[in-house]
Amino acid sequence: MRISLVDAAGSNLGGLPYFCVDNRIDIYLLRAGYKYNAAYKNMNVSVLPYTGYSFSKVDGYVKIDPPGPAPLTKTDIYQKKDYFPVGLNLSFNPFRFLDFQFKLSKYFARHESSIKTFDFIASVFFSRYSGITYRYKSLKLEGRDVENDIKYSMVGITVLFSGIWQR
């Protein structure tokens, strides 16, 4: 996954004539596990425990032009980290038109930091190939120098492509 952020606040940041952040985040994840499937009457259940290796690299810069005679300064951002993720994905599919997923994971690092994530995904399908999905995600970064807690919710349209061309 590659995330690129560019923010040029310009003169919109109080007290600073110029402020700019260019930040690129590359995250690579390799994971392995075994998916257990079970079915009971109208409900399908799957459990996927996994472990793996993740590598992240942050690269970019921050430019600030403070007020007064001080010159424009540019500070480079660069960081590389290895993580060892452990996680569990649970999926419940009661009836054909409902799907619920719970995802828990923890990413351990050698440098005394960790990342905990929790996802809840609920989907309601109106046909075999389309529906609506709600997603809640919580991501907590715990480290020696920084702590961060991010939570968000999303709602969107779901389109399934598997099976469309199998007729």
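This one's a predicted model, so the numbers in the text were calculated from it and none came from an experiment.

The rules behind these values
- Residues numbered from 1 in each chain as written.
- Predicted model: local features only at pLDDT ≥ 70, side-chain atom pairs only at ≥ 80, totals over all residues.
- Heavy atoms only, no water.
- Phe/Tyr/Trp six-rings, centres within 6.5 Å; stacked < 30°, edge-to-face > 60°.
- Helix = DSSP H or I, 4+ residues; strand = E, 2+ residues; numbered from the N terminus.
- Buried < 20%, exposed > 50% of the residue type's maximum accessible area, 1.4 Å probe, protein only.
- pLDDT = per-residue confidence, 0-100.
- Contact = heavy atoms within 4.5 Å.

J.: Report on the packing of aromatic side chains, specifying residues and quantitative values.
T.: By the definition in use, this model includes 8 aromatic pairs. Ring geometry for Y28 versus F55: centroids 6.4 Å apart, planes at 20°, classification stacked. Taken together, the residues span a long stretch of sequence, with Y28 in strand β2 (residues 18–33) and F55 in strand β4 (residues 43–65) at a distance of 27 residues. Residue classification places F55 among the partly exposed residues on the basis of a relative accessible area of 22%. Ring plane angle 75° and centroid distance 4.9 Å describe the contact between Y34 and Y36, whose orientation is recorded as edge-to-face. Ring pairs connect the aromatic residues F92, F102 and F120, which therefore count as one cluster.

J.: So what's going on with the confidence of the model for the chain? Which residues, and what values?
T.: Do not read the predicted coordinates in detail wherever pLDDT is low. The pLDDT averaged across the chain works out to 84; a share of 85% of its residues lies at or above 70. Contacts from residues 1–5, a stretch scored under 50 in pLDDT, to residues over four places away or in other chains number 15 contacts.

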